[in-house]
Amino acid sequence: MVLTQQILTKEDELTMVLKSDLNLLNWTETEPVHSIAQATAEYSIEGEFNGILHSNYTIFYSEYNKEDIHKSTSTFIGYSFFESSDNKLVDSMLFEEKGIFAEGVTSGELKSKLANGNYFLEQGKMIITIEKKNS
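For every chain, the first residue of its written sequence is number 1, and the numbers climb from 1 along that sequence. For a predicted model such as this one, the threshold for reporting local features is a pLDDT of at least 70, and the threshold for listing and counting side-chain atom pairs is 80 or more; totals across whole chains, interfaces and linings nevertheless cover every residue. Computation of side-chain values covers all heavy atoms of the structure but excludes hydrogens and water.

1. Section: the overall build of the chain
Applied cut-off: Strands are runs of DSSP state E lasting at least 2 residues, helices are runs of H or I lasting at least 4, and numbering of each runs from the N terminus. Only protein chains enter the accessibility calculation, which uses a 1.4 Å probe; a residue is then buried when its area is under 20% of its type maximum, exposed when over 50%, and partly exposed in between. Residue contacts are defined here by distance: any two heavy atoms, one from each residue, within 4.5 Å place the two residues in contact. With residues, only the protein chains shown are counted as cover, and all accessible areas are computed by Shrake-Rupley using a 1.4 Å probe.
Along the backbone of the chain there are 0 helices and 8 strands. Taken from the N to the C terminus, the helices and strands of the chain come in the order β-β-β-β-β-β-β-β. Sorting the 135 residues of the chain into buried and exposed places 31% on the buried side. Of all intrachain contacts in the chain linking residues separated by at least 6 positions in sequence, the fraction that spans at least 24 positions is 41%. When the accessible area of the chain is evaluated, it comes to approximately 9000 Å², of which 52% is carbon and sulfur surface.

2. Digging into unusual backbone geometry
Unusually for a residue other than glycine, Ser35 sits at a positive phi of about 75 degrees. Mapping Ser35 onto the fold places it in the loop between β1 (15-29) and β2 (36-47).

3. Topic: the pattern of salt bridges
Rules: A side-chain nitrogen of Lys or Arg and a carboxyl oxygen of Asp or Glu constitute a salt bridge if their distance falls within 4 Å.
Using the criterion set out here, one finds 3 salt bridges in the structure. A salt bridge links Asp21 to Lys125; the shortest N-O distance between them is 3.6 Å. Linking Asp21 in strand β1 with Lys125 in strand β8 (residues 125-133), this pair joins segments that are 104 residues apart in sequence. Overall, Asp21 belongs to the partly exposed group, its relative accessible area being 24%. Overall, the relative accessible area of 41% leaves Lys125 in the partly exposed class.

Here you go:
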């Protein structure tokens, strides 16, 4: 009989990936000054994990359409605070957020010390995935 020992490195740590719907509840944005605007948003998250995401953004408009803002193109950075309603991830967590808005669709990534995530359009609705280390 041969016994083998497996040593796990940081890259081998187990992770948990959860997927949910991301629904915009509220959006408030300032008029751009020199192509830069500020915005706050609130999202509900429903699915494999549940809660509310509170976000604050700085937005840079590379193309701004005042008549139809959904025809604009922008990048944004900010911070988002997640409040869990089911504690499947954590009670709460703060993320750094980066994303783009182009052709009427937004996508982005969330990063923190505890978890990383992405959000994107899938089959006509916004989806958020969060990957948390099981440590």
